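# Notes for the structure review
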Amino acid sequence: MRILWLCNLILPAVAKELGLEASNKEGWVVGLAEKVLNNQKDGEVTFAIAAPVPASVLASGEDYVEREFDAWGGHAFFYGFREDTDNPHRYEAALEGRMQKIVKHFRPDVVHCFGTEFPHTLAMCKSVPSRSLLVTIQGVCTKIAEVYEADLPKKVVQRLTLRDFLKKDGIAMQKEKFRLRGNSEREALRLAGNIGGRTAWDRAFAENQNPEARYFQLNETLRSDFYDMTWEEKNVEPHSVFLSQGDYPLKGLHYVLLAMPQIQKKFPDVKVYVAGNGITGYETLKQKLKISSYGKYLRELMHQYHLEDKVVYLGKLSGAEMKERYLKSSLFLCPSAVENSPNSLGEAMLLGMPCIAANVGGIPSMFTDGTDGILFEGHCALEKESSSEPKAQEDGEGLARIADHLATAVIEMWSNPEREKEYGRNARAHAMKNHDGHENYRRIMEVYATIAGEGSEGHGADGEA
């Protein structure tokens, strides 16, 4: 069986081969690749990965490069292709020719596209028969576009800093880019014969777009080093909150800042740690020129509520550094306006951390309120509440309500230490089942065999004999 993955990242082993910095994102793709290669048996599976590469890797006029690599005890092929990853909202028809060349060269039985967020998925869907194609949903761009502003005040959405103006990347513009990506996403799903997902939310979306496609439940295998340790209260900084991201509105850092005054009344020593580069800096000329409207808004909230020494940006973290931060923090928080099944929440659950998350998107499919931790009413829930009301919410009303729900959840969590520990134990047990690498590997190979078996009557994914 010949399996071709189409991804938006380069595996660490390939990055090393190409002299590139390895990405820390999409750790679950790395986790699954490790299982596939580690269980590879001679002649049974031939494995290849295709992903966009920087232009520096390609010779002038070259569409893609080929490499072979060894990792985790197995052997695989890599195809690095040209794509404008800085502008994923723009569809390049030329990608179709690149996908066709890769498919013709490798001749896969199954083509597995990871995610709908990038143009290469649509290009691949246009290039191979639907029966040989499996598209798995990661995020859902269509839904992200709908809630991208995440209850921000209108003045913040409409404001353009110098950086926003020059880059044509203000909040409203970012939302429009996701809308355009959503158009490509829906077209790709309509072309797919097989769709994979992991939540009731993404299944409903997939079936709405393509009721004729088969839907497969495919849970994710996370990075291997998150399975072997557990969170212990004695090792944490008291009343420290950890967020895995906070650099754009969808991730909801503004909800947290607005909740902080209420939390501080009960727990004055509360501190928030955010992975990723800080976007609120304003000390140097360069920082002033680079600040976005959202970064400026976060800065305004921090100044208004005297939170400058309460919020710490940690910069870009490796997998090991992320794990260390989880284990040092007393609470993991996922306050996003929408998510499907965030890997960061899965990692925190695997470690047995106390967790709080917004009750949005697919999160309830992976995290049980009152058992694994606490779900608070987030953006989508408030949209549903207000949808039956004739009167629209005033500017900022939804934001204040969500911040209040969030603060109440944090106070409830920290006010009951024994219940907090029980949540962590339950979350770990739930996550160990959802993210069971052996079971998830067995399941994905079962799906591949089903798709390949049905496609074997024809001519392979390239349509040739």
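Here the structure is shown first, and the text comes after it.
Residues numbered from 1 in each chain as written. Predicted model: local features only at pLDDT ≥ 70, side-chain atom pairs only at ≥ 80, totals over all residues. Heavy atoms only, no water.

What follows covers the nonpolar core. Membership of the largest hydrophobic core comes to 81 residues, with the highest contact counts inside it found for Tyr326, Phe332, Leu345, Ile356 and Trp414. For this core, the leading source of residues is helix H17 (residues 397–414), giving 10 residues. Contacts of Trp414, omitting those with residues within four sequence positions, involve His239, Ser240, Val241, Ile263, Phe267, Val270, Ser330, Leu331 and Glu420. (Core = buried A, V, L, I, M, F, W, Y, C linked by side-chain atoms within 4.5 Å. Buried < 20%, exposed > 50% of the residue type's maximum accessible area, 1.4 Å probe, protein only. Helix = DSSP H or I, 4+ residues; strand = E, 2+ residues; numbered from the N terminus. Contact = heavy atoms within 4.5 Å.)

A few words now on the pairing of strand S13 (residues 355–358). Along S13, one buried face is formed by Cys355 and Ala357 and the opposite face, lined by Ile356 and Ala358, is buried too. Sheet analysis places strand S12 (residues 329–334) next to S13, joined by three bridges and oriented parallel. Across the sheet, residue Phe332 finds its bridge partner in S13, namely Cys355. You can see the chain leave S12, run along helix H14 (residues 343–350) and come back into S13, and the turn it takes is right-handed. (Pairing = 2+ DSSP bridges. Right-handed = clockwise from strand over helix to strand, strands pointing away.)

Among the surface-exposed residues, Leu160, Leu162, Phe165, Leu166, Leu285 and Leu289 lie close enough to one another that they form a single nonpolar patch of about 630 Å² accessible area. The element that contributes the greatest number of residues to the nonpolar patch is helix H7 (residues 162–167), accounting for three residues. Mapping Phe165 onto the fold places it in helix H7. (Patch = residues over 30% accessible without salt bridge, like charges linked within 9 Å, V, L, I, M, F, W, Y side chains within 5 Å. Areas by Shrake-Rupley, 256 points an atom, 1.4 Å probe, with all protein chains shown as cover. Salt bridge = Lys/Arg side-chain N within 4 Å of Asp/Glu carboxyl O.)

Here the focus is the packing of H17 against helix H18 (residues 417–434). Where H17 contacts H18, the axes come no closer than 6 Å and their chain directions differ by 100°. Regarding the angle of H17 to H18, the classification is roughly perpendicular. For the pair H17 and H18, contact is made by Glu412, Met413 and Trp414 and by Pro417, Glu420 and Tyr423, respectively. Of the residues contributing to the contact of H17 with H18, the split by class is four nonpolar, no polar and two charged. (Axes fitted to C-alpha atoms, helices over the stretch in contact; angles between N-to-C directions. Parallel < 35°, antiparallel > 145°, perpendicular 65-115°, else oblique. Nonpolar A, V, L, I, M, F, W, Y, C, P; charged D, E, K, R; others polar.)

With that out of the way, let us pick up unusual backbone geometry. You will see that Lys168, though not glycine, has its phi angle at about 50°, which is positive. Looking at the secondary structure, you find Lys168 in the loop between H7 and helix H8 (171–191). Owing to a relative accessible area of 60%, Lys168 belongs among the exposed residues under this scheme.

With 14 residues, helix H10 (residues 253–266) should reach 20 Å at 1.5 Å per residue; the first-to-last C-alpha distance of 20 Å fits that figure. At Met260, H10 is deflected by roughly 45°, the largest bend along its length, and proline Pro261 occurs up to four residues later in sequence. Those residues of H10 lying buried are Leu253, His254, Tyr255, Val256, Leu257, Ala259, Met260, Ile263 and Gln264. (Expected span 1.5 Å × (residues − 1). Bend = angle between axes of the 7 residues up to and from the residue.)

Between side chains of opposite charge, a pair can form when the charged atoms approach closely. On inspection of all chains with the given rule, the structure shows 27 salt bridges. The salt bridge involving Lys328 is made with Glu324; its shortest N-O contact spans 3.3 Å. Placement of the pair is Lys328 and Glu324 together in helix H13 (residues 319–328), with a separation of four residues, close to one helical turn. Relative accessible area serves as the criterion here: at 41%, Glu324 is assigned to the partly exposed category. Each member of the salt-bridge network shares a partner with another, and the members are Asp63, Glu92, Arg98 and Lys101.

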